[in-house]
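# Structural features, examined
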Amino acid sequence: MAIRFRTVIRGSLLAAFSLLLATGSVRAQKVDTVEKRFSKTESMIAMRDGVKLYTTVYAPKDTRGPLPFILLRTPYGIEAYGPRALQSYLKELADEAYLFVFQDIRGRFKSEGTFVMSRMPRDKQDPKAIDEGTDTHDTIDWLVKQVPNNNGRVGMLGISYPGWLTVMGMLEPHPALKAVSPQASPADMFLATTSITTAPSA
């Protein structure tokens, strides 16, 4: 009985391992599909203060005519996220004709600068001040001027922190920003942006 039980367990583990290998194979095939359908370009886009942000653009290979952009900015790293998103979260949009743009925000992964959690909106009286809104504006300005075959229209989306970044992009929007979809954006980042002061004990 014990031997039979061990055999069943061993068989189940092998089956699970085979499933994991098969899943890995499927993931590789999905990435291959993205590479076959899209041309990927990488750029370091300079912001108004000279800091450069790592950005990738995926352009469909088999589509003619000027295309709109879909822009997603994130602190979570775009190197692997782009291909996965185009096969899952953005799959329905990927089946349409868009230029997809993914960007590591300031101070994260391959982008330069210093990361500040939930960076406050800039002081508009300071011409040198920056925030996530100015970085979005500068990115869009570069995209519409430098990326071939675009129609000058940009849509933004994101979930959670990227959703908040989308909201920040609306504060002082670039004229090319025509549509936004902030999803599950944190409304109050209290723990990240404020310090807690306690009254002295009596």
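About the cut-offs
By convention here, each chain's residues receive numbers from 1 onward along its written sequence. At least 70 in pLDDT is required for a residue's local features to be given in this predicted model, at least 80 for side-chain atom pairs to be given and counted, and no such filter applies to totals for whole chains, interfaces and linings, which use all residues. Values shown for side chains rest on all heavy atoms present in the structure; no hydrogens or waters enter the calculation. Two strands make a pair as long as DSSP finds a minimum of two bridges between them. Helix and strand labels come from DSSP, where a helix needs a run of H or I of at least four residues and a strand needs a run of E of at least two; each type is numbered from the N terminus. For helices, the fitted line uses only the C-alpha atoms of the stretch in contact; every axis is such a line through C-alpha atoms, and the angle between N-to-C directions lies from 0 to 180 degrees. Residue contacts are counted whenever heavy atoms from the two residues lie within 4.5 Å of one another. Accessible area is worked out with a 1.4 Å probe on protein chains only. A residue is then buried under 20% of its type maximum, exposed over 50%, and partly exposed in between. To estimate the expected span of a helix, subtract one from its residue number and multiply by 1.5 Å. The definition of a polar contact used here is a pair of N or O atoms within 3.5 Å, where within protein one atom must be able to donate a hydrogen and the other to accept one, and adjacent residues in sequence count solely through side-chain atom pairs. By definition here, a salt bridge exists when the distance from a side-chain nitrogen of Lys or Arg to a carboxyl oxygen of Asp or Glu is within 4 Å. Working definition: a ring pair exists when centres of Phe, Tyr or Trp rings (six-membered ring for Trp) sit within 6.5 Å. Plane angles under 30 degrees give stacked, over 60 give edge-to-face, the rest tilted. Charges are assigned to positions over rings by a cutoff of 6 Å between ring centre and Lys NZ or Arg CZ, combined with an angular limit of 35 degrees from the ring normal. We call a set of buried residues a nonpolar core when its members are Ala, Val, Leu, Ile, Met, Phe, Trp, Tyr or Cys and they connect through side-chain atoms within 4.5 Å of each other.

Our focus in this paragraph is the sheet that holds strand β4 (residues 99–104). The strand order across the open sheet formed by six strands is β1-β2-β4-β3-β5-β6, and the pairing between neighbours is mixed. Looking at the sheet topology across the chains shown, the edges are occupied by β1 (38–46) and β6 (177–183). Across this sheet, the average inter-strand angle for adjacent strands is 20°, counted without regard to direction. In this sheet, β4 lies alongside strand β2 (residues 52–60) in antiparallel orientation, the contact comprising four bridges. By the bridge assignment, T55 is partnered in β4 with Q103. Where helix α4 (residues 132–146) meets the sheet, its contacts fall on β1, β2, β3 (67–74), β4, β5 (150–159) and β6, and the angle it forms with β3 comes to roughly 150°.

Consecutive residues of a regular strand have side chains that alternate between opposite faces of the sheet. With seven of eight residues buried, β3 lies mostly within the body of the structure. Sheet topology note: the β3/β5 ladder contains four bridges and is parallel. Directly across from F69, in β5, lies its bridge partner V154. Across six bridges, β3 lies against β4 in parallel orientation. Its bridge partner lying in β4, F69 is registered against L99.

Over its 15 residues, α4 extends 21 Å from the first C-alpha to the last, a length consistent with the 21 Å expected when each residue adds 1.5 Å. Looking at α4, one finds that the buried residues are E132, G133, T134, D135, T136, D138, T139, I140 and L143. At the N-terminal end of α4, a side-chain oxygen is found 2.9 Å from the backbone nitrogen of G133, two or three residues along, and the residue is D131.

Turning to the pattern of salt bridges, a few remarks are in order. Evaluated as defined, the whole model comprises ten salt bridges. With its nearest N and O atoms 3.4 Å apart, the salt bridge here joins D95 to R37. Note that D95 is positioned in the loop between α3 (91–94) and β4 and R37 in helix α1 (residues 2–37), a separation of 58 residues in sequence. Judged by its relative accessible area of 30%, R37 is partly exposed. Sharing partners across several salt bridges, the network here consists of R37, K91 and D95.

Moving on, we come to the packing of aromatic side chains. Following the criterion strictly, the structure yields six aromatic pairs and no others. Judged by centre distance (5.8 Å) and plane angle (80°), the ring pair of Y58 and F102 falls under edge-to-face. Highlighted residues: Y58 in strand β2 and F102 in strand β4, separated in sequence by 44 residues. For the pair Y58 and F102, a shared accessibility class is recorded, and that class is buried. Measuring from ring centre to ring centre gives 6.4 Å for F115 and Y161, while their planes differ by 45°; the resulting arrangement is tilted. Of this pair, F115 sits in the loop between β4 and α4 while Y161 sits in helix α5 (residues 161–171); the two residues are 46 residues apart in sequence, bridging distant segments of the chain. Cluster of aromatic residues (ring-pair linked, three or more members): F38, Y58, Y98, F100 and F102. Here R108 stacks its cationic end above the ring of F115, 5.4 Å away from the centre of that ring.

As for its position among the elements, R73 is in strand β3. At a separation of 2.6 Å, a polar atom in the side chain of R73 contacts the side chain of Q103. Engagement of the side chain of R73 in a polar contact is seen with the side chain of E132, the distance being 3.1 Å.

Residue placement: L67 occurs in strand β3. On the basis of relative accessibility, which here comes to 5%, the residue L67 falls in the buried class. Non-local contacts of L67, meaning those with residues more than four positions away in its chain, are made with P60, A97, Y98, L99, N149, N150 and N151.

Membership of the largest hydrophobic core comes to 17 residues, with the highest contact counts inside it found for F69, L71, V101, I140, L143, V147 and V154. Secondary structure elements with two or more residues in this core: β2, β3, β4, α4 and β5. Considering each element in turn, this core owes the most residues, three residues, to β3. If we ignore the near neighbours within four places in the chain, the residues touching F69 are L99, V101, L143, V144, V147, N150, R153, V154 and G155. Ranked by size, the runner-up nonpolar core spans 14 residues in total, among them Y54, I70, L86 and L90.

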